[in-house]
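A look at the structure
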There are 2 protein chains.
Amino acid sequence: MTGQVRTVDGRVAGRRGQATRQKLLDCLGEMLSTSPYRDVKVIDVARKAGTSPATFYQYFPDVEGAVLELAEEMAKEGATLTDLVADRSWAGKSGTAAAEDLVEGFLSFWRKHDAILRVVDLGAAEGDKRFYKIRMKILNSVTNSLTEAVKEQQAKGRIDEDLNPGAIAGSLVAMLAAVAAHQKGFQSWGVKQADLRPSLTWLVHLGITGRKPPK
Amino acid sequence: MTGQVRTVDGRVAGRRGQATRQKLLDCLGEMLSTSPYRDVKVIDVARKAGTSPATFYQYFPDVEGAVLELAEEMAKEGATLTDLVADRSWAGKSGTAAAEDLVEGFLSFWRKHDAILRVVDLGAAEGDKRFYKIRMKILNSVTNSLTEAVKEQQAKGRIDEDLNPGAIAGSLVAMLAAVAAHQKGFQSWGVKQADLRPSLTWLVHLGITGRKPPK
DNA sequence: ACTTGTCCTGTCATGCCGTCAGCTTACCGA
DNA sequence: TCGGTAAGCTGACGGCATGACAGGACAAGT
């Protein structure tokens, strides 16, 4: 599937090469979380990695290309988000727990990767299909699971059949992603971190099941 | 309050100056909607405006500074979003209408200004207080109104008093903003534009009132 | 030691950034 | 009508990032 790691000019990368390549990626990730995306320069990343700009261009076409690589790595880890919603019951108290776990898992994942996710979000919003695909890869499993959950509730008559379950699930996931991205934003709004999770949990539960969670 | 428009080196801008300044802003806005933010260069904007890069620097410190200006303009227009929620009843059918209008107004505003809003979102997520303030300015009035609405429902016992009304309102607004920003994203998900609005309306109504909208 | 292929960097042409001095244009009072 | 003054614009320049190449350093096998 993946084949070997290759340099821009077609050579296969060996042990040493892969190490510096990874180091460049690590340094890029660090830069992204300390400087605005627009100001991240190849030369800075190379310096930080103790190498030269020319080396950077041996492994990546440009900064954007390297970010894509970083995002792919993250997307792989993001596959674990599926566990938060797969085979979960949304009935009664276990439903509340499902919502809680989903919110908690989502927020912490976003917090962990916020720097790259910002860029992915931007790229996707700008219409770049490559970023767009990665964003889908991360959100897809969660959204699909939630969509199924909504469909079940529709079958039970708790949610209007006219509503598109994918639209509901997608909107809820978008909400989680957006709140996670602007977590700090809420603070200076007078909303504390601790107040956020229960509210999100409540909204998610309500959106999926059409009912308020039991006390 | 504002005083006159000034150039970077302190001169007051006259008729002609303000015109070219505005032209630069217009061209910048156009560029932002056609190229990725990272690739927007001063020289391109200047060329497009039929002037020289030096002129650009006479009115703005850098690209970011000009974007901020553009964003301020938009924020002023965004004040009209208040009308979507101020003095609205959330009871019965009028509640459904309120939710519908809010969703519709929000989506169209975002669609109209998507290019600048992308950048504002990025800046805010990166922790830049200036972008952050602008984002708040736009969302504040809506959020505050919704917060009041939630409080009323809490007083009626329809929503758990333990939940923070600001967190609920903020999350719903974040959802609207996120969905608006990735409207195109939903399409290739199999969710049509037309399916989005009713679902969002339903979720907003549910979140604010704790109840499903009446048929 | 020699060969082979990987790995890195010095160097260079190109292009954008951001500044300054200086030129042109508009306005205004005498 | 005629300067005088301030606004408005730009050519030119040093500085820095980009991206490409050729060649040197290094490790591994023979």
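Let me begin by describing the structure that accompanies this report. Just so you know, these numbers come straight off a predicted model, no measurement behind them.

Rules used in this analysis
- Residues numbered from 1 in each chain as written.
- Chains lettered and ligands numbered in written order.
- Predicted model: local features only at pLDDT ≥ 70, side-chain atom pairs only at ≥ 80, totals over all residues.
- Heavy atoms only, no water.
- Helix = DSSP H or I, 4+ residues; strand = E, 2+ residues; numbered from the N terminus.
- Buried < 20%, exposed > 50% of the residue type's maximum accessible area, 1.4 Å probe, protein only.
- 1 Å grid on protein atoms, 1.4 Å probe; cavity = no way out; pocket = protein on both sides within 12 Å on 5 of 7 lines; lining within 4 Å.
- Points joined across faces, edges and corners; volume = space filled by probe spheres on them.
- Nonpolar A, V, L, I, M, F, W, Y, C, P; charged D, E, K, R; others polar.
- Near = heavy atom within 4 Å.
- Polar contact = N/O pair within 3.5 Å; in protein donor to acceptor, adjacent residues only side chain to side chain.
- Axes fitted to C-alpha atoms, helices over the stretch in contact; angles between N-to-C directions.
- Parallel < 35°, antiparallel > 145°, perpendicular 65-115°, else oblique.
- Contact = heavy atoms within 4.5 Å.
- Least-squares fit on C-alpha atoms with pLDDT ≥ 70 in both.
- Phe/Tyr/Trp six-rings, centres within 6.5 Å; stacked < 30°, edge-to-face > 60°.
- Lys NZ or Arg CZ within 6 Å of the ring centre and 35° of its normal.

**Here's the deal with the side chain of Arg21(A)**
When you line up the elements, Arg21(A) lands in helix H1 (residues 15-32). When its relative accessible area of 12% is taken as the criterion, Arg21(A) is described as buried.

**Observations regarding empty space enclosed by the protein**
Enumeration according to the criterion identifies four cavities of 30 Å³ or more in this entry. Put simply, the largest cavity is a space of about 250 Å³. The wall of the largest cavity is formed by 23 residues, among which Asp121(A), Leu122(A), His182(A), Asp121(B) and His182(B) lie closest to the centre. Those elements that place two or more of their residues in the lining of the largest cavity are helix H6 (114-125) and helix H8 (165-181) of chain A together with helix H6 (114-125) and helix H8 (165-181) of chain B. Approximately 150 Å³ is the volume attributed to the second largest cavity. Residue assignment for the lining of the second largest cavity shows that the elements contributing at least two residues are helix H9 (183-187) of chain A together with helix H7 (129-155) and H8 of chain B. In terms of residues, the lining of the second largest cavity owes the most to one element, H7(B), which gives five residues. Within the lining of the second largest cavity, the residues separate by chemical class into nine nonpolar, four polar and one charged.

**Quick word on the protein's contact with DNA strand D**
Around DNA strand D sit 18 residues in total, of which Arg11(B), Gly14(B), Gly17(B), Thr20(B) and Thr51(B) are the nearest. Considering DNA strand D, the proportion of its atoms within 4 Å of the protein that are sugar or phosphate atoms stands at 69%. With respect to DNA strand D, the backbone of Ser52(B) contributes an N or O atom lying 3.2 Å from a phosphate oxygen. Counting residues per element, the ones that place at least two in the surface near DNA strand D are helix H2 (42-48) and helix H3 (53-59) of chain A together with helix H1 (15-32) and helix H3 (53-59) of chain B. Counting residues per element, the surface near DNA strand D draws most heavily on H3(B), which supplies four residues. Within the surface near DNA strand D, the residues separate by chemical class into eight nonpolar, seven polar and three charged.

**Description of the packing of H1(B) against helix H4 (residues 63-78) of chain B**
Residue and element names in this part refer to chain B. With their axes 10 Å apart at the nearest point, H1 and H4 run at an angle of 95 degrees to one another. Our classification of the angle between H1 and H4 gives roughly perpendicular. Every residue of H4 that contacts H1 at Arg-21, Gln-22, Leu-25, Leu-28, Gly-29 and Leu-32 is listed here: Val-63, Ala-66, Val-67, Glu-69, Leu-70 and Glu-73. Across the contact of H1 with H4, the residue classes tally to seven nonpolar, two polar and three charged.

**Details of the protein's contact with DNA strand C**
Close contacts around DNA strand C come from 20 residues, with Gly14(A), Thr20(A), Thr51(A), Tyr59(A) and Tyr57(B) the closest. Sugar plus phosphate: this is where 66% of the atoms of DNA strand C within 4 Å of the protein reside. One of the side-chain N or O atoms of Thr51(A) is found 2.5 Å from a phosphate oxygen in DNA strand C. Within the contact set of DNA strand C, a phosphate oxygen lies 3.3 Å away from a backbone nitrogen or oxygen of Val42(B).

**Quick word on the relation of the copies chain B and chain A**
Once chain B has been moved 0.0 Å along the axis and rotated by 180 degrees, it coincides with chain A to within an RMSD of 0.1 Å. When the rotation and shift are considered jointly, the pair of chain copies conforms to a two-fold rotation axis. When C-alpha positions in chain B are compared against the rotation axis, the closest is assigned to Met175(B), at 2.0 Å. Both copies contact each other with a shared surface, as 98% of the interface residues of chain B are interface residues in chain A too.

**Describing the environment of Ala115(A)**
Residues and elements named next belong to chain A. Mapping Ala-115 onto the fold places it in helix H6. The exposure class of Ala-115 is buried, given its relative accessible area of 6%. It is 24 Å that separates the C-alpha atoms of Ala-115 and Gly-190, two residues lying 75 residues apart in sequence. When sequence neighbours within four positions are dropped, the list of residues in contact with Ala-115 reads Leu-32 and Ser-33.

**What about the packing of aromatic side chains?**
Scanning the model with the defined rule gives eight aromatic pairs over all chains in all. With 5.3 Å between their ring centres and 10 degrees between their planes, Phe106(A) and Trp110(A) make a pair best called stacked. With Phe106(A) and Trp110(A) both in helix H5 (residues 92-112) and four residues apart, this pair spans about one turn of that helix. The exposure class assigned to Phe106(A) is buried, which follows from its relative accessible area of 0%. Geometrically, the ring pair formed by Phe56(B) and Phe60(B) is tilted, given 5.3 Å between the ring centres and 50 degrees between the ring planes. Like Phe56(B), the residue Phe60(B) is buried in the burial classification. Taken together, the aromatic side chains of Phe56(A), Tyr57(A) and Phe60(A) make up a single cluster linked through ring pairs. Of note, Arg38(A) hangs over the ring of Tyr37(B), and the distance from its end group to the ring centre comes to 4.9 Å.

Honestly, that's just the spatial picture; any functional story needs more than this.
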